[in-house]
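Breakdown of the fold
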Amino acid sequence: MIELAAELAGLRQAGLHRQRRLLAGPQGVRPRIDGRERLAFCSNDYLGLAAHPAVIEALRESAARDGVGSGASHLINGHHQAHEALEEALATFLGRERALLFSTGYMANLGVIQALCGRGDQILADRLNHASLLDGAQLSQARLRRYPHADTERLRALLGSSRAEGSLIVTDGVFSMDGDLAPIPALAAIANATGAVLMLDDAHGIGVLGANGRGTLEHAGFHGDEAQAAVPILIGTLGKALGTFGAFVAGSAELINFLIQRARSYIYTTALPPALASASLAALRIAAHEPERRDHLQRLINRFRAGAHTLGLALADSPTPIQPLIAGDVDTALRWSRFLEDNGFLVTAIRPPTVPQGAARLRITFSASHADADIDRLLDTLAKLPNSAPKESQ
Ligand SMILES: *Cc1c(COP(=O)(O)O)cnc(C)c1O
């Protein structure tokens, strides 16, 4: 057992002790945090839907009609027509036969990997994948083999040297702390050539990437049956670009039926409140039918990147609303974050173990609710960042 006091003291000493900020009122680009309004660049509310009036209204109406609690798991009697309507809309939106709702993306990843893999199988995972994919792999008891970030040659070699019964390749679509994209065409080709199955966690791509917001696959030029063949298992969350809460798996009718039978994090938990599904359906409609939100977001990203380039800030290779500024050590990341805070901003410092040692950073994110002037204000302040010269990576 861990010695609590010593462990906490160690975290404090290393600058790794975390504290929660207190949000009052809605999430947005000007949240009231710890009693003060700040201009925020750190939420995942990429399309500005978390407090959209139509989404709020859908939640309110559905709660008045359907109540609050679902009262049971999906397989007892908690599966509501609001859930069913959202699953059908998600499947149609993504061009898949079916979709299955989970309570969170974390639980979707645990449930899917645990249901599909077991002893004798192997899971090949990008080293920068989200923690929930790693935890799902561990839960499944399959052999976990991690390849260096986006290193498809190494992945190919690992698959070549294997005697596993089945192989599942799992990757983030948009890497959550770096904003860069998985090399989907190469991963799909490797999966196809080796008989492995490719699973994509597109938590940060759905709603954001592609002309229609279908995510990383659409961005990479995969559509319809071709997308389904390349990536038979697609995970998305509703808590990011869609601004609500919950998650889903999309795929073949057979896959979804199997998960209903076997995914433990689906079976042994209370179904989401139906009103949340109604709110998510409203958000999905907006995401699908208002491409101008994506266009505006893309212009903000371009504006930021051009400005940061002019300032000589070291940018990552990210075409997404996640734009990290690597500080290196924890102290620098914290100093930057505090400096921004003193100037009226909120940009959280991201520290190990969320990111690798020596890669502490500011994770700057944009939302369609930001205005050009917000980006310019941020850039003006970043220009004065203490020790803003990028450090050698360690
Ligand atoms: C946020 C995130 C998740 C977890 O989704 P939740 O719905 O927040 O539990 C899973 N995978 C990735 C890549 C994420 O960024």
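Residues numbered from 1 in each chain as written. Predicted model: local features only at pLDDT ≥ 70, side-chain atom pairs only at ≥ 80, totals over all residues. Heavy atoms only, no water.

- Per an unreviewed UniProt entry, the chain goes by 8-amino-7-oxononanoate synthase and derives from Halochromatium salexigens.
- In its Catalytic activity (unreviewed entry) section, UniProt records this for the chain: "6-carboxyhexanoyl-[ACP] + L-alanine + H(+) = (8S)-8-amino-7-oxononanoate + holo-[ACP] + CO2".
- UniProt annotates the chain under Cofactor (unreviewed entry) with the comment "pyridoxal 5'-phosphate". (UniProt positions renumbered as here; feature names shortened; annotations may be inferred.)

**So, the pairing of strand β12 (residues 322-328)**
- Buried residues dominate β12, accounting for 6 of its 7 residues.
- Relative to strand β15 (residues 360-365), β12 runs antiparallel, the two being bridged by 6 bridges. Following the sheet pairing, Pro324 is matched in β15 by Arg363. (Buried < 20%, exposed > 50% of the residue type's maximum accessible area, 1.4 Å probe, protein only. Helix = DSSP H or I, 4+ residues; strand = E, 2+ residues; numbered from the N terminus. Pairing = 2+ DSSP bridges.)

**Structural notes on the domain arrangement of the chain**
- Considered domain by domain, the chain is made up of domain 1 (20-51 + 291-382) and domain 2 (53-289).
- One C-alpha centre belongs to domain 1, the other to domain 2, and the line joining them spans 26 Å.
- In total, domain 1 and domain 2 occlude about 1,900 Å² of area from one another, counting both sides; carbon and sulfur atoms represent 63% of this.
- On inspection of domain 1 and its partner domain 2, the count reaches 1 salt bridge.
- Measuring nitrogen to oxygen at the nearest pair gives 3.1 Å for the salt bridge that ties Asp178 to Arg361.
- Elements supplying a minimum of two residues to the side of domain 1 that touches domain 2: α14 (291-311), β12 and β15.
- Counting residues per element, the side of domain 1 that touches domain 2 draws most heavily on α14, at 5 residues.
- Classifying every residue of the side of domain 1 that touches domain 2 by side-chain character gives 15 nonpolar, 4 polar and 7 charged. (Domains from an automatic or database assignment. Buried area = accessible area lost by both parts, 1.4 Å probe. Salt bridge = Lys/Arg side-chain N within 4 Å of Asp/Glu carboxyl O. Nonpolar A, V, L, I, M, F, W, Y, C, P; charged D, E, K, R; others polar.)

**Section: the site of the ligand**
- Within the structure, the ligand sits among 14 residues, and Gly105, Tyr106, Asp201, His204 and Lys240 are positioned closest to it.
- Contact between the ligand and Asp201: a nitrogen atom at 2.5 Å from a side-chain N or O atom of the residue.
- Contact distances for the ligand include 3.1 Å between an oxygen atom and a side-chain N or O atom of Thr237.
- Taking 380 Å² as the accessible area of the ligand by itself, protein coverage stands at 83%.
- The biggest single contributor to the shell around the ligand is helix α5 (residues 105-116), with 3 residues.
- Of the residues belonging to the shell around the ligand, the class tally is 2 nonpolar, 9 polar and 3 charged. (Near = heavy atom within 4 Å. Polar contact = N/O pair within 3.5 Å; in protein donor to acceptor, adjacent residues only side chain to side chain. Areas by Shrake-Rupley, 256 points an atom, 1.4 Å probe, with all protein chains shown as cover.)

**Remarks on a nonpolar patch on the surface**
- Residues Ile2, Leu4, Leu8 and Leu11 make up a contiguous nonpolar surface patch of about 370 Å² in total accessible area.
- Looking at the secondary structure, you find Leu8 in helix α1 (residues 4-13).
- Residue Leu8 is classed as partly exposed on the basis of its relative accessible area, which comes to 38%. (Patch = residues over 30% accessible without salt bridge, like charges linked within 9 Å, V, L, I, M, F, W, Y side chains within 5 Å.)

**Some words on the UniProt feature "binding site: substrate" (unreviewed entry) in the chain**
- As recorded in UniProt, the feature "binding site: substrate" (unreviewed entry) lies at Arg18, His130 and Thr354.
- Within the secondary structure layout, His130 lies in the loop between β6 (122-126) and α6 (131-140).
- Residue class for His130 comes out partly exposed when judged on its relative accessible area of 28%.
- Every residue in contact with His130, bar those within four places of it in the chain, is listed here: Asp172, Ser176 and Asp201. (Contact = heavy atoms within 4.5 Å.)

**Concerning the nonpolar core**
- Core analysis: the biggest nonpolar cluster contains 81 residues, and Phe41, Ile169, Phe304, Ile364, Phe366, Leu378 and Leu382 have the highest contact counts within it.
- Here this core takes 8 residues from helix α13 (residues 274-289), the largest share from any one element.
- If we ignore the near neighbours within four places in the chain, the residues touching Ile169 are Leu124, Tyr147, Leu155, Leu159, Leu187, Ile190, Ala191, Ala196, Val197, Leu198 and Met199.
- In this structure, Phe102, Ala137, Leu255 and Ala263 belong to the second largest nonpolar core, which totals 26 residues. (Core = buried A, V, L, I, M, F, W, Y, C linked by side-chain atoms within 4.5 Å.)

**What about the sheet that holds β6?**
- Spatially, the 7 strands line up as an open sheet ordered β5-β11-β10-β9-β8-β6-β7, and their pairing is mixed. Both outer strands of the open sheet, β5 (98-102) and β7 (143-147), are each paired with one neighbouring strand and no more. Across the sheet, the mean angle separating the axes of adjacent strands is 20° when strand polarity is ignored.
- In the sheet, β5 pairs with strand β11 (residues 247-251) via 5 bridges, with the strands oriented antiparallel. Along β11, the bridge assignment pairs Leu100 with Val249.
- Running over the sheet, helix α7 (residues 152-160) touches β6, β7 and β8 (167-172) and is turned about 150° from β7. (Axes fitted to C-alpha atoms, helices over the stretch in contact; angles between N-to-C directions.)

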